[in-house]
Amino acid sequence: MAGGFGGGGGEAIAGRAEQYEGKITGYFILACIVGSFGGSLFGYDLGVSSGVTAMDDFLIKFFPEVYARKSAHLHETDYCKYDNQVLTLFTSSLYFAGLVSTFAASHLTRRRGRRATIMVGAVSFFLGGAVNAAAANVAMLIAGRLLLGVGIGFGNQAVPLYLSEIAPYNIRGAVNQLFQLTTCLGILVADVINYFTDKIHPWGWRLSLGLAMGPATAIFVGALFLPETPNSLVEMGRLEEARRVLEKVRGTRKVDAEFEDLKEASEAARAVRGTFRSLLAARNRPQLIIGALGIPAFQQLSGMNSILFYSPVIFQSLGFGNSAALYSSIITGSMLVVGALVSMVVVDRLGRRFLFIEAGIQMISSMVVVAVILALKFGHGEELSKGVGTVLVVAICLFVVAYGWSWGPLGWLVPSELFPLEMRSAGQSVVVCVNLFWTAAVAQCFLAAMCHLRWGVFILFAALIVVMSIFVILLLPETKQVPIEEIWMLFDKHWYWKRIVRKDPKYQGHHHHQMAAMPTAAAAAAKSGSSEV
């Protein structure tokens, strides 16, 4: 499937990759567990904020007018029940804070390493959880959310990079997806906690928000024992330490080939100045368009987060009772975890493109089913029948599970693979920034859109998924089984991108330097490959 558009597997463009050695060590497993816990912060927060905004005690204290409107229409289906801009600001303020803080995180990631960035994020998240749990007014609530946002900005900047760099290239996809798996588990845990705290009156919501301090503490303590990634140590010029960590993580002294690749990538990185500016260079155009702008924006425009944020609210608006709404979001949370597990198992076998395209078809179908049911049955002030409600929940679950094995995890994995070392932290910042910008925009607009467009909002998302799928089919080469420092070669062979990257004078020099560094057979293979369409 990928072959026609820019190379299937890694065999045609292998550099030193076939000489890489190593096994899965305990040290590597610890690094993965602690690193991926960063995702649980993001997930817990997504899940908790969506559940808390549907809790009566929370609404009575902070948003009495929303509570009054909800109570007046308790047994009706209504698209506009929760349309309140301050309530949505409670959700989206976090993403605006994350968006700004990711640029500070980029600087820290480059200068002090991935590990330090993860630790700063954990501290900020801990403080945010504490302020939210103690909130006495809306201003305190928003202040807590801003601190959580800074934590998420730092965590989302460093964790996907950390996991991509520490992983052996042949299982990089599965390892990087630990971030998505722990995000989904965080959402599921939050949904379960909300289900029980909803029954504790009047302060159950404080417990839900305050428990965010748990994973933050675990990450901070775990990070004290984490190694820095060899890529980052090389970037900081600490070569002996980098080699020591690489040997420890790979469990072998024979790391010469991989270490040479890291050093060369680092030298190429030092030769390039002005990191954010060099993102705009022609040789980096594919990374900019696909990795930094396209995929993170599309991940949010799929409509998934709107369903996640507001699934309790959606189910309540659809006429499900209060507990039933929280219960149904536990179901959607479970679907996400299932999707993430499926993706981990198949991503390095079936490849990134296959998952994107298959899930696109499944998600479009599900959104159309939801829209049709809502158009025919919904908004007439009566409760939905059991049968119709069941079909609706099944359609939403099929949508969520498809997102769970495609745009969810791949939205973080693919951008973290695409950038060359010299701009990996800058590129990841743009990824996080674009991602959080669209997250905030969707969070801020979704309830109003649902109120005005009604069922049409789901048709809008279906249309966007069509665009996203075409984007992937035409522009994304397959990156499975390709070492992270050799991914740039894919664009040199891609039917569309090769015309753009080869125009850049610096690309030619970089290209020949890398080719010269390769073993002869591999270089010849890469050259013969680069002449193909």
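Criteria and thresholds
- Residues numbered from 1 in each chain as written.
- Predicted model: local features only at pLDDT ≥ 70, side-chain atom pairs only at ≥ 80, totals over all residues.
- Heavy atoms only, no water.
- Helix = DSSP H or I, 4+ residues; strand = E, 2+ residues; numbered from the N terminus.
- Axes fitted to C-alpha atoms, helices over the stretch in contact; angles between N-to-C directions.
- Parallel < 35°, antiparallel > 145°, perpendicular 65-115°, else oblique.
- Left-handed = near helix turned anticlockwise from the far one by under 90°.
- Contact = heavy atoms within 4.5 Å.
- Salt bridge = Lys/Arg side-chain N within 4 Å of Asp/Glu carboxyl O.
- Buried < 20%, exposed > 50% of the residue type's maximum accessible area, 1.4 Å probe, protein only.
- Patch = residues over 30% accessible without salt bridge, like charges linked within 9 Å, V, L, I, M, F, W, Y side chains within 5 Å.
- Areas by Shrake-Rupley, 256 points an atom, 1.4 Å probe, with all protein chains shown as cover.
- Nonpolar A, V, L, I, M, F, W, Y, C, P; charged D, E, K, R; others polar.
- Phe/Tyr/Trp six-rings, centres within 6.5 Å; stacked < 30°, edge-to-face > 60°.

## Some points on the environment of Val394
You can see Val394 is positioned in helix H19 (residues 386-405). On a C-alpha basis, the gap between Val394 and Val369 in space is 10.0 Å, while along the polypeptide they are 25 residues apart.

## Describing the packing of helix H18 (residues 352-377) against helix H20 (residues 407-418)
Contact pair H18 / H20: the axes reach a minimum separation of 11 Å and the direction vectors enclose 150°. In terms of orientation, H18 and H20 fall into the roughly antiparallel class. In this structure, H18 crosses over H20, and the sense of that crossing is left-handed. Side by side, H18 and H20 meet where Arg352, Leu355, Phe356 and Met363 of the first sit next to Trp407, Leu410, Leu413, Val414 and Glu417 of the second.

## Regarding the pattern of salt bridges
For the coordinates displayed, the defined rule picks out 15 salt bridges. Where Arg250 meets Glu258, a salt bridge forms, and the shortest distance between an N and an O atom there is 2.9 Å. Since its relative accessible area comes to 3%, Arg250 is described here as buried. Taking relative accessible area as the criterion, Glu258 reaches 11% and is therefore assigned buried. Here Glu417 and Arg352 are joined by a salt bridge, their closest N and O atoms 2.5 Å apart. With Glu417 in helix H20 and Arg352 in helix H18, this pair connects stretches of sequence that are 65 residues apart. Take Glu417: its relative accessible area is 0%, and that puts it in the buried class. Assessed through its relative accessible area of 1%, Arg352 is described here as buried. Within the structure, one salt-bridge network assembled from shared partners comprises Arg114, Glu165, Glu235 and Arg424.

## Some points on a nonpolar patch on the surface
Together, Leu30, Val123, Phe126, Leu127, Phe220, Val221, Leu224 and Phe225 make up a nonpolar patch on the protein surface, roughly 680 Å² of accessible area in all. Secondary structure elements with two or more residues in the nonpolar patch: helix H5 (114-133) and helix H10 (213-224). Summarising the element assignment, Val221 is placed in helix H10. When its relative accessible area of 42% is taken as the criterion, Val221 is described as partly exposed.

## Re the environment of Lys493
Locating Lys493 in the fold gives a position in helix H23 (residues 488-493). Look at Lys493 and you get buried, because its relative accessible area is 7%. Along the backbone, Lys493 and Pro477 are 16 residues apart, and their C-alpha atoms lie at a distance of 9.2 Å.

## As for the packing of H5 against H10
The geometry of H5 relative to H10 is characterised by a closest axis approach of 8 Å and an angle of 155° between their N-to-C directions. On the basis of their axis angle, the class for H5 and H10 is roughly antiparallel. For the pair H5 and H10, the crossing hand works out as left-handed. Between H5, through Arg115, Ile118, Met119, Ala122, Val123, Phe125, Phe126, Gly129 and Ala130, and H10, the contact on the second element is made entirely by Met213, Ala216, Thr217, Ile219, Phe220, Ala223 and Leu224. Its residues assigned to classes, the contact of H5 with H10 shows 13 nonpolar, two polar and one charged.

## Quick word on the side chain of Ser93
Note that Ser93 resides in helix H4 (residues 85-112). On the basis of relative accessible area, Ser93 is assigned to the buried category, the value being 3%. If sequence neighbours within four positions are ignored, Ser93 has contacts with Ile142, Arg145 and Leu146.

## Let's talk about the packing of aromatic side chains
Scanning the model with the defined rule gives 13 aromatic pairs in all. Between Phe58 and Phe62 the ring centres are 5.3 Å apart and the planes differ by 50°, which places this aromatic pair in the tilted class. On the criterion of helical spacing, the pair formed by Phe58 and Phe62 is a turn pair, its members being four residues apart in helix H2 (residues 56-62). Judged by centre distance (5.2 Å) and plane angle (70°), the rings of Phe298 and Phe471 are edge-to-face. Here Phe298 is found in helix H15 (residues 285-301), whereas its partner Phe471 is found in helix H22 (residues 456-475), with 173 residues between them in sequence.

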